[in-house]
Amino acid sequence: MDTGQRQDQQKATERRRAELLEAADRVVLRDGPEASMNAIAAEAGITKPILYRHFGDKSGLYRALAKRHTDALLATLRTALDSPGDRRDRVEATLHAYLSAIETHPQVYRFLMHPAEVPADGEKGLDAGRHSVPLLRRMGEDLAEVIAERLDLGPDSRELARAWGHGIVGMMYAAGDWWLGERPFSRDLLVRHLADLLWGRLAAAGDRAGSPGL
């Protein structure tokens, strides 16, 4: 097989993988944490062994879906961080963006963060912590990078930015998870409460020279 044929085959495999992820997304939107490999294979019009060939097992499919949705969420959060207004406006816009994402697609959120321990297809359940922790870590590191790029936090700025990044993501996750389950008040009010909690040192930090600011 020559180079051109290998490239064509790779592109075809990538297209097929993307189609299978689209099918998996449709099942997750319908079934949430109960989404099964059998249901996903049926939605894609293939057999389960073919699905395994592309992703290995349910954990492999989960990782692919997690990357897909985390990429989209991080892009949304970065857009919110670049929105018009002052720093308080951008902080609230970012909190709104995260909460809106989990509120709009709660089944996707539950699939990613609360996988079923006994899935509908009878296969071994996902260890939610083993998969969700890396997802949250990635979000924390991404936010830390933005903070380090944009705020002048003085000595040990990068270490402080990482502490803030992971702390803010942990807060958003825990508060959002509770709020999505109980809905004790509006999203606007939760955003205001969380922004108030963050506002002390964050309000006082100066922008890093040459950065777009935060």
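For the structure, see preceding data.
Note that the coordinates shown come from a computational prediction; the quantities given were computed from them, not determined experimentally.

**Student:** Tell me about the overall build of the chain, and name the residues and values.
**Tutor:** Scanning the chain for helices and strands turns up 9 helices and 2 strands. From first element to last, N terminus to C terminus, the chain shows the α and β order α-α-α-α-α-α-α-β-α-α-β. If one aligns the C-alpha atoms of the chain with their principal axes, the spans along those axes are about 55 × 50 × 30 Å. By residue count, 43% of the 214 residues in the chain fall in the buried class.

**Student:** Now, about unusual backbone geometry: what can you tell me, with residues and values included?
**Tutor:** The backbone of Asp156 shows a phi angle near 60°, a positive value even though the residue is not glycine. For Asp156, the location among the structural elements is in the loop between strand S1 (151-152) and helix H8 (157-182). The class of Asp156 is exposed, set by a relative accessible area of 57%.

**Student:** Explain the nonpolar core to me, and be specific about the residues and the numbers.
**Tutor:** One finds Leu51, Leu61, Leu95, Tyr98, Leu112, Met139 and Ile147 to be the most contacted residues of the largest nonpolar core, which totals 60 residues. With 10 residues, helix H4 (residues 58-81) is the largest single contributor of residues to this core.

**Student:** With reference to specific residues and values, describe the packing of helix H1 (residues 3-31) against helix H2 (residues 37-44).
**Tutor:** Where H1 meets H2, the closest approach of the two axes is 9 Å, and the angle between their N-to-C directions is 120°. Viewed along their axes, H1 and H2 adopt a mutual orientation that is oblique. Like other packed secondary-structure pairs, H1 and H2 cross with a definite hand, here right-handed. Note on element contacts: H2 touches H1 through Ala39, Ile40, Glu43 and Ala44, opposite Arg16, Leu20, Ala23, Ala24, Arg26, Val27, Arg30 and Asp31. The class makeup of the residues in the contact of H1 with H2 is 7 nonpolar, no polar and 5 charged.

**Student:** Which residues make up the environment of Asp177, and what values do they have?
**Tutor:** Residue placement: Asp177 occurs in helix H8. The spatial distance from the C-alpha of Asp177 to the C-alpha of Leu99 is 9.3 Å, given a sequence separation of 78 residues. Excluding residues within four positions of it along the chain, Asp177 makes contact with Tyr109, His114 and Met172. In terms of polar contacts, Asp177 uses its side chain to reach the side chain of Tyr109, at 2.6 Å.

**Student:** Lay out the pattern of salt bridges with the relevant residues and their values.
**Tutor:** For the coordinates displayed, the defined rule picks out 16 salt bridges. Here Asp25 ties to Arg68 by a salt bridge, and the two come within 2.8 Å at their closest N and O atoms. Highlighted residues: Asp25 in helix H1 and Arg68 in helix H4, separated in sequence by 43 residues. Residue classification places Asp25 among the buried residues on the basis of a relative accessible area of 10%. Accessibility expressed as a relative area gives 27% for Arg68, which makes it partly exposed. With a closest N to O distance of 4.0 Å, Arg30 and Glu43 form a salt bridge. In this pair, Arg30 sits in helix H1 while Glu43 sits in helix H2, placing the two residues 13 residues apart along the sequence. On the accessibility criterion, Arg30 (48% relative accessible area) is partly exposed. Residue classification places Glu43 among the partly exposed positions, given a relative accessible area of 32%. In the salt-bridge network here, residues are joined through shared partners; they are Arg26, Arg30, Asp31 and Glu43.

**Student:** Help me get a handle on the environment of Pro84, residues and values and all.
**Tutor:** Tracing the sequence through the fold places Pro84 in the loop between H4 and helix H5 (87-104). Aside from chain neighbours lying at most four places away, what touches Pro84 is Asp89 and Arg90.

Parameters at a glance
- Positions within a chain are numbered from 1, following the residues in the order the chain's sequence is written.
- With pLDDT at 70 or above as the cut-off, local features in this predicted model cover only qualifying residues; side-chain atom pairs require 80 or more to be listed or tallied, and sums for whole chains, interfaces and linings still use all residues.
- Where side-chain values are given, they derive from all heavy atoms of the structure, hydrogens and water being excluded.
- Secondary structure counts use DSSP, requiring at least four H or I residues in a row for a helix and at least two E residues in a row for a strand, with both numbered from the N terminus.
- Accessible area is worked out with a 1.4 Å probe on protein chains only. A residue is then buried under 20% of its type maximum, exposed over 50%, and partly exposed in between.
- Throughout, nonpolar core names a set of buried Ala, Val, Leu, Ile, Met, Phe, Trp, Tyr and Cys residues whose side chains join them through atoms within 4.5 Å.
- What counts as an axis is a line fitted to C-alpha atoms, over the stretch in contact for a helix, and the angles between N-to-C directions run from 0 to 180 degrees.
- Put simply, angles under 35 degrees are roughly parallel, angles over 145 are roughly antiparallel, angles from 65 to 115 are roughly perpendicular, and the rest are oblique.
- Crossings are sorted by hand: turned counterclockwise from the far helix by less than a right angle, the near helix makes the crossing left-handed, and turned clockwise it makes it right-handed.
- Residue contacts follow a heavy-atom distance rule, with two residues in contact if any of their heavy atoms lie within 4.5 Å.
- Residues were grouped as follows: Ala, Val, Leu, Ile, Met, Phe, Trp, Tyr, Cys and Pro as nonpolar; Asp, Glu, Lys and Arg as charged; and all remaining residues, including Gly, as polar.
- Residues adjacent in sequence count toward polar contacts only when both atoms are side-chain atoms; beyond that, a polar contact is any pair of N or O atoms within 3.5 Å, and within protein one must be able to donate a hydrogen and the other to accept it.
- Salt bridges are identified by distance alone: a Lys or Arg side-chain nitrogen within 4 Å of an Asp or Glu carboxyl oxygen.

Everything listed here is a matter of geometry and, on its own, says nothing about what the molecule does.
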